Amino acid sequence: MIFLLILAGGLLARFLAEKYYEKNWNKRLKVVIRFQTEPVFQGEEGFLTETIENDKRLFLPALQAGFAVSRNLSFGQEENTSVSDQSYKRDIFSVMGRQRIIRQVPFEAVKRGYYEIRKVDLVTRGILLSGEMYHTIPCSTYLYVYPKKIAGEKRELVFQRISGIYESRKRLLEDPFLFRGIREYTPEDPMNKINWKASARTGSLMVNQHNSAVSGNVCILLDVEDETVWKYEEIHEEGIRLAAAVAEGFLTQGVEVGLITNGRDCREKTEIFLPGQSGRGQREKIFQCLARIDLGEKSRKFSDCIGEKKDLLLAKESFCILITKNQYQELEEILELLGEKNQGSLCLVTLYPEMELKIKSRRNLKVLRWEVKR
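All of the points below concern the structure found in this document. (Residues numbered from 1 in each chain as written. Predicted model: local features only at pLDDT ≥ 70, side-chain atom pairs only at ≥ 80, totals over all residues. Heavy atoms only, no water.)

### Section: the overall build of the chain
Working step 1: If you tally the helices and strands in the chain, you get 7 helices and 19 strands.
Working step 2: A burial count over the chain gives 45% of its 374 residues as buried.
Working step 3: Here the analysis covers contacts within the chain between residues at least 6 apart in sequence; of these, 70% occur between residues at least 24 apart.
Working step 4: Just so you have it, the chain exposes about 20,500 Å², and 52% of that area is on carbon and sulfur atoms. (Helix = DSSP H or I, 4+ residues; strand = E, 2+ residues; numbered from the N terminus. Buried < 20%, exposed > 50% of the residue type's maximum accessible area, 1.4 Å probe, protein only. Contact = heavy atoms within 4.5 Å. Areas by Shrake-Rupley, 256 points an atom, 1.4 Å probe, with all protein chains shown as cover.)

### A short note on the packing of helix α4 (residues 233-252) against helix α5 (residues 280-291)
Working step 1: Put simply, α4 and α5 touch, their axes get as near as 10 Å, and they point 175 degrees apart. With respect to α5, the element α4 is oriented roughly antiparallel. Contacts between α4 and α5 pair Ile240, Ala243, Ala244, Ala247, Glu248 and Leu251 from the former with Gln282, Arg283, Ile286, Phe287 and Leu290 from the latter.
Working step 2: Grouping the constituent residues of the contact of α4 with α5 by class yields 8 nonpolar, 1 polar and 2 charged. (Axes fitted to C-alpha atoms, helices over the stretch in contact; angles between N-to-C directions. Parallel < 35°, antiparallel > 145°, perpendicular 65-115°, else oblique. Nonpolar A, V, L, I, M, F, W, Y, C, P; charged D, E, K, R; others polar.)

### Some points on the sheet that holds strand β8 (residues 99-109)
Working step 1: Pairing in this open sheet of 4 strands is antiparallel, and the strands run β1-β3-β8-β5 from one edge to the other. The open sheet terminates on both sides in strands that have one partner only, identified here as β1 (29-35) and β5 (73-74). (Pairing = 2+ DSSP bridges.)

### A word on the layout of surface pockets
Which parts of space are left empty comes out when a probe the size of a water molecule is rolled across the atoms.
Working step 1: The space that makes up the largest pocket amounts to roughly 800 Å³.
Working step 2: Taken together, 35 residues line the largest pocket, and the ones lying closest to its centre are Ser70, Asn72, Gln86, Tyr114 and Tyr115.
Working step 3: Those elements giving two or more residues to the lining of the largest pocket turn out to be β4 (60-70), β7 (86-95), β9 (113-125), α4 and β16 (293-294).
Working step 4: Ranked by the residues each element gives to the lining of the largest pocket, the list is headed by β9, at 8 residues.
Working step 5: By residue class, the composition of the lining of the largest pocket is 11 nonpolar, 8 polar and 16 charged. (1 Å grid on protein atoms, 1.4 Å probe; cavity = no way out; pocket = protein on both sides within 12 Å on 5 of 7 lines; lining within 4 Å. Points joined across faces, edges and corners; volume = space filled by probe spheres on them.)

### Notes on the nonpolar core
Working step 1: Of all hydrophobic cores here, the largest spans 43 residues; its most connected members are Ile162, Val218, Ile220, Leu222, Phe250, Leu290 and Ile321.
Working step 2: In terms of residues, this core owes the most to one element, α4, which gives 10 residues.
Working step 3: Sequence-distant contacts of Ile162, defined by excluding residues within four places in its chain, comprise Val246, Phe250, Ile321, Leu346, Leu348 and Leu368. (Core = buried A, V, L, I, M, F, W, Y, C linked by side-chain atoms within 4.5 Å.)

Purely geometric numbers; function is a separate question.
Written out as structure tokens, the structure reads:
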């Protein structure tokens with residue numbers, strides 16, 4: 001009889017303990033998942049931080065925290081990560097009462113993009129590890145993965161060519177009434193620019209410098225449209241990387257840079273347009289816009305997109321740099337028109353080695369070929 005009472009008491013105690021655990025395990029339990037605050041570039045490593053805080057005396061012997069994130073962030077071959085359409089990361093913790101656990105989890109940013117984690121799923125078992133209990137906590141953390149950097153020497157060569165075209169445009173249109181200063185003579189300078197008084201004073205030939213009669217701002221026109229059913233993601237990704245490199249190059253020189261693209265924003269589901277500005281803040285805005293371009297969304301004809309912004313580009317006398325693989329007539333015509341009105345434009349055509357460059361350079365439209373490796 002005493003044995004039965006002890007057994008009944010034990011079973012009752014277990015039942016009550018299980019009920020108490022079931023009711024209280026997720027109280028005063030804080031779970032936070034946070035990406036690092038700084039963005040990363042494609043191909044670089046980043047990390048996220050998992051914080052578990054159990055602000056009560058109750059011991060949690062097996063707490064599983066899981067979340068889903070894009071598979072473009074690779075956590076390697078960890079046993080607690082499964083990959084399908086997304087990466088599902090699950091970590092198991094044994095959390096004492098009044099304990100905080102902080103863990104940093106590294107990952108590789110495999111692809112450019114904007115990534116979010118919106119919730120954390122918690123799973124635990126009872127005191128004797130029987131049965132499962134579930135709880136979901138909202139989460140709000142995001143990470144920008146900027147376009148991959150183009151190799152240094154290659155980037156410098158293309159920017160030097162683009163910058164040379166830009167500077168030639170400004171020199172050809174110097175305003176003789178906007179005096180900027182004097183500098184030493186070079187063989188490329190015409191004789192009528194020599195300042196003879198300054199030359200006599202210094203003992204060497206000096207020339208006058210004048211400000212340009214046209215605006216110094218640059219607008220990057222990025223076309224990611226596929227004209228046919230064939231998808232050219234590699235080419236478009238290279239175009240996005242080029243846009244980032246060109247923008248950074250001009251912004252470093254203090255030039256105002258804007259962005260127009262028919263690429264659609266993965267957050268807003270709208271086409272991206274960023275008015276021209278200068279400074280480091282503009283660099284971050286442009287990189288963020290480029291990171292959010294969703295190539296999975298259908299893009300409209302870029303000649304229509306530019307046509308809507310034509311008056312703005314003409315009013316600001318923007319030096320337009322078109323980055324595209326497409327070479328159809330309407331696109332060429334509108335870029336040539338912008339070049340004629342704004343005293344110059346540039347088309348940077350991104351092609352596979354076997355593709356033909358059909359657009360030809362002319363007086364107010366310079367064309368450069370950029371080959372993309374498969």
